[in-house]
Each structure stands twice: as structure tokens, then as C-alpha cells.
Amino acid sequence: MFPRPKYSMYMCQVKRPPTFPKPSCVRAGREDLLPYLQEKIMQKNLFQAVSVIPTGCLNRCQFGPVMIIEPGSYMYVDLTKEKIDEIIESHILNDEPIKEYLIPEEFWAEPLNPKDLLQG
């Protein structure tokens, strides 16, 4: 039997031209964060408990590179290899999110109910 993962890690992989009005999550000097994360998950033999999923835009471009960890909708911002190492050790292995690496609350409020967005 193949178990379902306990965690899903969604990492934005948007790379825009330098003249584009919104910044990219894949930034100069940090282009290798996704393969780095994938490698770390494999090295620690966590691939059955953790899914690493590349995504399109997560709409928090100014905070990039960004990643969301589910369950819990934890958005980690301004990612580096060092932060990824700490996130794996603390959040993934010990169920302790790292608050100082999370997006500020004013930019990550409670989710909207889609039904509330429907017009009469």
C-alpha cells in the first residue's frame, strides 16, 4: 500500500522578464530552490510523507520566493536554502511552523468563502 502524504509543499515557479510589472518568485541567485527542496526531501527519505509540487503564481509576488505548506495554509516567504533546511527540520519533522518565516498576517488573512463572492 502506498500512503498518502502528510504534507504538501507548493513552491511558486514563476519566472518573469525583468521588465514585467510584477516580480518573479524565481529570482536571480535562487533559481535552484525547487530542485534543492526536492533533493533534501529525497535525502531524508521523506518522499512518501511529503509531496513537493511546483506551482504557478501564488499571488504574493513581492514576498518571493514563496511556498505554501498544507495542511494549514502556511505561506513561507523570501525563501533561501538555509530557510528550507530549517522548515524541513522544524515544520515537517517536528510539526512546528517557523513563525518568523511566514508571510505577515495582514497579507494572509482568513480565506474567503467562494459562495460569498457570488453576485445575487
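Quick caveat: nothing in here was measured; it's all calculated off a predicted structure.

S.K.: It is not clear to me how helix 2 (residues 81-94) should be interpreted in this structure. Could you clarify?
M.R.: Residue pairs spaced three or four apart in an α-helix point in one direction, given the helix's 3.6 residues per turn. The end-to-end C-alpha distance of helix 2 is 19 Å, a good match for the 20 Å that 14 residues give at a rise of 1.5 Å each. Where helix 2 bends most, the angle comes to about 30 degrees, and this point is I87. Residues of helix 2 that are buried include every one of K83, I84, I87, I88, S90, H91 and I92, and no others. Those residues of helix 2 that are buried lie in contact with strand 1 (7-12), helix 1 (33-43), strand 2 (50-55), strand 3 (67-70) and strand 4 (74-76). Downstream of helix 2 by one or two residues, D95 has phi in the positive range, about 55 degrees.

S.K.: So what exactly am I meant to see when it comes to the side chain of T55 here?
M.R.: With respect to the helices, strands and loops of the structure, T55 is situated in strand 2. Taking the relative accessible area as the measure of exposure, T55 reaches 16% and is therefore buried. For T55, the contacting residues outside a window of four places in its chain are Y10, M11, C12, Q13 and V14.

S.K.: It is not clear to me how the environment of G56 should be interpreted in this structure. Could you clarify?
M.R.: Topologically, G56 is positioned in the loop between strand 2 and strand 3. The class for G56 is partly exposed, based on a relative accessible area of 41%. For the pair G56 and V14, spaced 42 residues apart in sequence, the C-alpha to C-alpha distance is 5.7 Å. Beyond its immediate stretch of four places on either side in the chain, G56 contacts C12 and V14.

S.K.: I'm lost on the pattern of salt bridges in this one. Help?
M.R.: Oppositely charged side chains may form a pair once their charged atoms are brought near each other. Within the structure shown, the criterion is met by 5 salt bridges. Among the ionic pairs, K6 bridges to D95, the shortest N-O distance being 3.2 Å. Of this pair, K6 sits in the segment before strand 1 while D95 sits in the loop between helix 2 and helix 3 (114-117), and the two are 89 residues apart along the sequence. Owing to a relative accessible area of 49%, K6 belongs among the partly exposed residues under this scheme. Note on D95: relative accessible area 44%, which makes it partly exposed.

Thresholds applied
- Residues numbered from 1 in each chain as written.
- Predicted model: local features only at pLDDT ≥ 70, side-chain atom pairs only at ≥ 80, totals over all residues.
- Heavy atoms only, no water.
- Helix = DSSP H or I, 4+ residues; strand = E, 2+ residues; numbered from the N terminus.
- Expected span 1.5 Å × (residues − 1).
- Bend = angle between axes of the 7 residues up to and from the residue.
- Buried < 20%, exposed > 50% of the residue type's maximum accessible area, 1.4 Å probe, protein only.
- Contact = heavy atoms within 4.5 Å.
- Salt bridge = Lys/Arg side-chain N within 4 Å of Asp/Glu carboxyl O.

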